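# A look at the structure
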Amino acid sequence: YYSPELETTIQLRKDGDTLELHHYRFPSPFYLEAGQKDRFGSTANMGAFGEVAFHRNEKGEIDGLHASNGRTKGIWFQRIPNRVIKPDPALHSTE
């Protein structure tokens, strides 16, 4: 996912009801728990990514997300198709 406003990318990995969010500036991932449909939030420290709300297009496909924390609301991240950027295999392991 890419944010034109922040000029940065994040990678996501879903594990059950937990969303693991990776950003290159942070050594450890952020863990967000499922809430309402297409929404994930932090139950601990909000940090840089306290809430993620996925956005779906008219076909029902996820095309991006809005990320928020205590000070910032609704930063847009556009989904980058896998054919454009190859996902890190370590983040998408099924083990």
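Residues numbered from 1 in each chain as written. Predicted model: local features only at pLDDT ≥ 70, side-chain atom pairs only at ≥ 80, totals over all residues. Heavy atoms only, no water.

## So, the pattern of salt bridges
Counted according to the given criterion, the structure contains four salt bridges. Across the salt bridge formed by lysine 37 and aspartate 38, the nearest N and O atoms sit 4.0 Å from each other. Connected through shared salt-bridge partners, Lys37, Asp38 and Arg56 make up one network. (Salt bridge = Lys/Arg side-chain N within 4 Å of Asp/Glu carboxyl O.)

## Regarding the pairing of strand 9 (residues 75-78)
In strand 9, alternate side chains face the same way, and those of Ile75 and Phe77 are buried while those of Trp76 and Gln78 on the opposite face are not. The turn joining strand 8 (residues 62-68) and strand 9, which pair antiparallel and follow one another in sequence, is formed by six residues; a positive phi near 65° is taken by glycine 74. (Buried < 20%, exposed > 50% of the residue type's maximum accessible area, 1.4 Å probe, protein only. Helix = DSSP H or I, 4+ residues; strand = E, 2+ residues; numbered from the N terminus. Pairing = 2+ DSSP bridges.)

## Some remarks on the packing of aromatic side chains
Taken as a whole and judged by the stated rule, the model has five aromatic pairs. A centroid spacing of 5.1 Å and a plane angle of 75° characterise the contact between phenylalanine 26 and phenylalanine 30, whose relative ring orientation is edge-to-face. Residue class for phenylalanine 30 comes out buried when judged on its relative accessible area of 14%. Taken together through their ring pairs, the aromatic side chains of Phe26, Phe30, Phe49 and Phe77 make up a single cluster. (Phe/Tyr/Trp six-rings, centres within 6.5 Å; stacked < 30°, edge-to-face > 60°.)

## A look at the environment of phenylalanine 77
With respect to the helices and strands, the residue phenylalanine 77 is situated in strand 9. Through-space distance from the C-alpha of phenylalanine 77 to that of proline 4 is 7.4 Å; in sequence the pair is 73 residues apart. With residues near it in sequence (within four places) discarded, phenylalanine 77 still touches Tyr1, Tyr2, Ser3, Leu6, Thr8, Ile10, Phe49, Gly64, Leu65 and Ala67. (Contact = heavy atoms within 4.5 Å.)

None of the figures reported here should be taken as evidence of function without further support.
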